[in-house]
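Residue-level listing of the chains:
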Amino acid sequence: MPMVIGVAAMMSIGLVDAFFVGQLGSVELAAISFIFPVAVALSSLGIGVMVGINSVVARAIGEGDDEKAQRRANFGMLFALAAGIIMGLSLIALLDPIFALMNAPAEVLPLIRDYMIPFALGFPLTMMTMGFNGVLRAQGEARKASYISLTFAGANWILDPILITGAFGFAGFGISGAAYATIIGWAIGVTLALYLLRSTSIPFDPKRLKGVRPFESMSAILRVGVPAACANAINPLGLTILTALAANEGQAAVAGFGAAGRLQSFAVVPLLALSGSIGAIVGQNWGAERYDRAREAALYAGGFCVVWGLGIAIAMISAGEWFADFFTEDPAVIAEFALYLQIAAWGYAGFGLLIVANGILNAVDKAMFALLQSFARVFLVMLPIAWMLQADWGSPAIYSAELAANLFGAVTAILIVGIVLRTNSAVYQRMPGG
């Protein structure tokens, strides 16, 4: 539940950004729609680093090796900061080529730059936050992690209307104001995380790095983190390509697709929270060789994904146009928004099964399986279907491709996790006392 609250707070930032940016005009809303998948892709890379830290620390705790957990946690937090600096500078260097490949119109590119340059410069702050969150989650400190998310989100809720559209006599910065609000929120989140870590068994303390083997620790984190980062980045990469395809259908399709995607991100918050919390539960039991408990947790998590995914899909489809009115008054955008939900929402349960399976596989050091199933979902199902059907179907082909990909992801997730956990559960049953 703390993870649900924390993830909901984080997802609300995209909705609040879209709401206030939408007040500026449809061109600005289209710009934020182009920005959204790129920002999510970067965040997904950061989540990969967080997952790597979470996995190695949780397993060390399960093994009962506190010193190892301390060393790897502190190394991981500093590693996250270094990765954030590299990623931010790379984004600035590749900014124009990325959005040119996405078919961003010439009138939208200046608005994209206004947002993305400050966003990139502040990105090391979000990577630090993710590193701290990885250590907190590995210890089971979900409540403290949710405090950080709530504080970050609260800062954005307050600052967005002031910095985007203006208030109290201040004119606002327009779309760049959304980036400034995000950076300030990150800075506040980092400060709070440092404070909260002090009261845990693994505080941020560079002195704990004494005796650390940098390459060994980095290898352990990256063995999980790199595949996890790639797996997390593949979905937004696919959405980036779908956004480029939607651009061929007109500005209304891009705006509707982007705005509905932000609402969808909020609707699947419990599934995202479950995928984030399952790693500590499975990882610690895996380190303690309690494979039976890991398998039981996976079964309950999968059942929840199905129930929540189908229930929220029915609600979203029933109120599609009502939700669209919050973002825009343009009838064409509203129509695309509602159409997207009518088709893609039926895949929410499958998406939940996929991301929860990824969380489980990352926790047990099987991150390559998570990467392979995510790769197949996007590049063997989603994109080929969109490309083949778009000429005849138009924008519904794009939405149908996302649905097919999520259904495929559900099937592969069930098969792969079932095999991995059953194999080790059988080994446990043959052990003395198993």
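Quick note: structure is the one above.
Predicted model only: the values in this text are computed from it and were never measured.

Draft legend 1. Representation of the packing of helix H5 (residues 123-138) against helix H7 (residues 175-197) in the model. Contact geometry of H5 with H7 gives a least axis separation of 9 Å together with a crossing angle of 30°. Taken together, H5 and H7 sit at an angle that is classed as roughly parallel. Seen from above, H5 lies across H7 with left-handed handedness. Taking contact as the criterion, the partners of Phe-123, Leu-125, Thr-126, Met-128, Thr-129, Phe-132, Val-135 and Leu-136 in H5 are, on H7, Ile-183, Trp-186, Ala-187, Gly-189, Val-190, Ala-193, Leu-194 and Leu-197. Considered class by class, the residues forming the contact of H5 with H7 number 13 nonpolar, three polar and no charged.

Draft legend 2. Seen up close, the environment of Ala-73. Residue position: Ala-73 is located in helix H3 (residues 66-101). Classification of Ala-73 by relative accessible area gives buried; the value is 0%. Taking the C-alpha atoms as reference points, Ala-73 and Gly-287, 214 residues apart in sequence, are found 16 Å from one another. Ignoring sequence-local partners within four residues, the contact set of Ala-73 consists of Val-57, Val-135 and Ile-202.

Draft legend 3. Structural context of the pattern of salt bridges. Enumeration according to the criterion identifies four salt bridges in this entry. Two residues, Glu-63 and Lys-68, come together in a salt bridge whose shortest N-O distance is 3.4 Å. The exposure class assigned to Glu-63 is partly exposed, which follows from its relative accessible area of 46%. One salt bridge connects Lys-144 with Glu-141, and the closest N-O pair in it is separated by 3.3 Å. Taking the relative accessible area as the measure of exposure, Lys-144 reaches 17% and is therefore buried.

Draft legend 4. The side chain of Asn-285, seen in detail. Looking at the element boundaries, Asn-285 is found in helix H10 (residues 269-287). Judged by its relative accessible area of 11%, Asn-285 falls in the buried class. Residues contacting Asn-285, with those up to four places away along its chain left out, are Arg-290, Arg-293 and Ala-294.

Parameters and conventions
Residues numbered from 1 in each chain as written. Predicted model: local features only at pLDDT ≥ 70, side-chain atom pairs only at ≥ 80, totals over all residues. Heavy atoms only, no water. Axes fitted to C-alpha atoms, helices over the stretch in contact; angles between N-to-C directions. Helix = DSSP H or I, 4+ residues; strand = E, 2+ residues; numbered from the N terminus. Parallel < 35°, antiparallel > 145°, perpendicular 65-115°, else oblique. Left-handed = near helix turned anticlockwise from the far one by under 90°. Contact = heavy atoms within 4.5 Å. Nonpolar A, V, L, I, M, F, W, Y, C, P; charged D, E, K, R; others polar. Buried < 20%, exposed > 50% of the residue type's maximum accessible area, 1.4 Å probe, protein only. Salt bridge = Lys/Arg side-chain N within 4 Å of Asp/Glu carboxyl O.

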